[in-house]
There are 2 protein chains.
Amino acid sequence: MSAIQKNIETASENYSASFTKGHLALPPAKKYLVLTCMDARIDPAQAFGIELGDAHVIRNAGASARDGLRSIVISEQLLGTQEIVLVKHTGCGMLTFTNDDAYGLVEKNLGSDAAAELKSRNLDFLPFSDLERAVNEDVEYLRDTKLVPDSVTISGWIYEVETGRTRRVV
Amino acid sequence: MSAIQKNIETASENYSASFTKGHLALPPAKKYLVLTCMDARIDPAQAFGIELGDAHVIRNAGASARDGLRSIVISEQLLGTQEIVLVKHTGCGMLTFTNDDAYGLVEKNLGSDAAAELKSRNLDFLPFSDLERAVNEDVEYLRDTKLVPDSVTISGWIYEVETGRTRRVV
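What counts and what doesn't
Residues numbered from 1 in each chain as written. Chains lettered and ligands numbered in written order. Predicted model: local features only at pLDDT ≥ 70, side-chain atom pairs only at ≥ 80, totals over all residues. Heavy atoms only, no water. UniProt positions renumbered as here; feature names shortened; annotations may be inferred. Helix = DSSP H or I, 4+ residues; strand = E, 2+ residues; numbered from the N terminus. Expected span 1.5 Å × (residues − 1). Buried < 20%, exposed > 50% of the residue type's maximum accessible area, 1.4 Å probe, protein only. Arc of directions from axis to C-beta. Polar contact = N/O pair within 3.5 Å; in protein donor to acceptor, adjacent residues only side chain to side chain. Contact = heavy atoms within 4.5 Å. Buried area = accessible area lost by both parts, 1.4 Å probe. Salt bridge = Lys/Arg side-chain N within 4 Å of Asp/Glu carboxyl O. Nonpolar A, V, L, I, M, F, W, Y, C, P; charged D, E, K, R; others polar. Core = buried A, V, L, I, M, F, W, Y, C linked by side-chain atoms within 4.5 Å. Phe/Tyr/Trp six-rings, centres within 6.5 Å; stacked < 30°, edge-to-face > 60°.

By the naming in an unreviewed UniProt entry, chain A is Carbonic anhydrase, taken from Capronia coronata CBS 617.96. The UniProt entry for chain A carries the following text under Catalytic activity (unreviewed entry): "hydrogencarbonate + H(+) = CO2 + H2O".

**Considerations on helix α6 (residues 131–144) of chain B**
All names here are of chain B. Compared with an ideal rise of 1.5 Å per residue, which puts 14 residues at 20 Å, α6 spans 20 Å between its outermost C-alpha atoms and is within 8% of the ideal. Taken residue by residue, α6 has L131, A134, V135, D138, V139, Y141 and L142 as its buried positions. Projected down its long axis, α6 carries its buried residues within an arc of 155°, all on one side. By the N-cap criterion, in which a side-chain oxygen at the helix start approaches the backbone nitrogen of a residue two or three places on, α6 is capped by D130, the distance to E132 being 3.3 Å.

**Some details on the interface of chain B and chain A**
Of the residues lining the interface, 87 residues belong to chain B; the matching set on chain A comes to 87 residues. Across the chain B/chain A interface, buried area totals approximately 7500 Å², and carbon plus sulfur atoms make up 62% of it. Linking chain B with chain A are two salt bridges, by the criterion used here. With a shortest N-O distance of 2.8 Å, R70(A) and D67(B) are connected by a salt bridge. The interface formed by chain B and chain A includes 33 residue pairs in polar contact (both at pLDDT 80 or more). Among the residues making up the side of chain B that touches chain A, the classes are represented as 44 nonpolar, 24 polar and 19 charged.

**What about the UniProt feature "binding site: Zn(2+)" (unreviewed entry) in chain A?**
Under the local residue numbering, the UniProt record ascribes the feature "binding site: Zn(2+)" (unreviewed entry) to C37(A), D39(A), H89(A) and C92(A). The annotated residues occupy 56 residues of the chain but converge on a single region, no pair of C-alpha atoms lying more than 8.7 Å apart. With respect to the helices and strands, C37(A) occurs in strand β1 (residues 32–37). Ignoring any residue separated from it by four or fewer positions in sequence, one finds C37(A) in contact with I42(A), R59(A), N60(A), A61(A), G62(A), A63(A), V87(A), H89(A) and C92(A). Among the structural elements, D39(A) can be located in the loop between β1 and α2 (44–48). Setting aside residues up to four positions removed in sequence, D39(A) forms contacts with R59(A), H89(A), L26(B) and H56(B). At 2.8 Å, the side chain of D39(A) and the backbone nitrogen of R41(A) are in polar contact.

**Side note on the nonpolar core**
Membership of the largest hydrophobic core comes to 108 residues, with the highest contact counts inside it found for F125(A), Y159(A), F125(B) and Y159(B). Apart from the residues lying within four places of it in its own chain, the contact partners of F125(B) are R70(A), V73(A), I74(A), M94(B), F97(B), N99(B), A102(B), Y103(B) and L118(B).

**Looking at the packing of aromatic side chains**
All names here are of chain A. Enumeration over the complete set of coordinates arrives at six aromatic pairs over all chains. Measuring from centroid to centroid gives 6.0 Å for F48 and Y159, while their planes differ by 85°, and the two rings are edge-to-face. One end of the pair, F48, is in helix α2; the other, Y159, is in strand β4 (residues 153–159), with 111 residues separating them in the sequence. Side by side, F48 and Y159 carry an identical accessibility label, which is buried. Taking the centre distance of 5.9 Å and the plane angle of 75° together, the rings of Y103 and F125 count as edge-to-face. Separated by 22 residues along the polypeptide, Y103 in helix α4 (residues 99–110) and F125 in the loop between α5 (112–121) and α6 (131–144) bring together distant segments of the chain. Looking at Y103, the relative accessible area reads 18%, which means it is buried.

**Concerning the environment of K88(B)**
Residue and element names in this part refer to chain B. Locating K88 in the fold gives a position in strand β3 (residues 83–89). The spatial distance from the C-alpha of K88 to the C-alpha of G104 is 26 Å, given a sequence separation of 16 residues. When sequence neighbours within four positions are dropped, the list of residues in contact with K88 reads G62, A63, S64, F128, L131, A134, V135, D138, W157, I158 and Y159. Only 2.9 Å separates the side chain of K88 from the backbone oxygen of G62, close enough to count as a polar contact.

Shown next as structure tokens:
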């Protein structure tokens, strides 16, 4: 067992020993979802004030609305959420490379078979070069798609990894 | 401003007031990623013992490896993670519907334009009917794809929303 696996087992023993929330319902109690980045420096529950059971939390590289669409539709159509909070962050890895860079890295590190698989999947890594613009564009994307009805409230934010502060953009 | 937006502003003021982790580096310090569900009843940091800065956390509907592949490749190829911890959970919403159900709901709730958009995107909601099998299949998927090298350690787990416990499956 790896050190990381051992760490989960220990954490699980401690967490479950004092766990009192086994009664929570499947649909989020406060009917909202947070879409944010997978970045290791973000703790959404603490930073954004999410109590256990209150909100769906979707996380992917860059807090991409496009990449999160499947989960967003499930959250709203099957589990009744009515508000989307999109949070990107300063110092995001998605600001540091292009699709060509990533495709080149995969070929260099993993070889031509992996590069061919990447090409056959036509994977778009969805990097961006301007943080505020990316927040605005993703909010626009969510407003434009017919899969998110106009009745859903959407806001866009930036979390500052340097200060722990979250500020609204749109 | 909605109550949810106000809640984020209040949480952010409190969190940033005592924030001391502004120095953390972009790459996850412990070089691993956790892939889990967006479910509102999961707090990965607490339940799985993740310290701020240690691990990427990817979350989508059902903890789908397929849906998470873009983020996983970025995590490993660009940010150096070397271990994947996949955690699905009891009582998952993905056990409760089929793609046909979801397509029907979208058409009923959002109309024929939305249904047409769904069809044109060819969106697969990736539901599953057996929890343990789904964990095994997703771990297999990650072992099979050439985009995740054999050197990456992969384990599969189930979090119990009733008890707060996380147990290993594979």
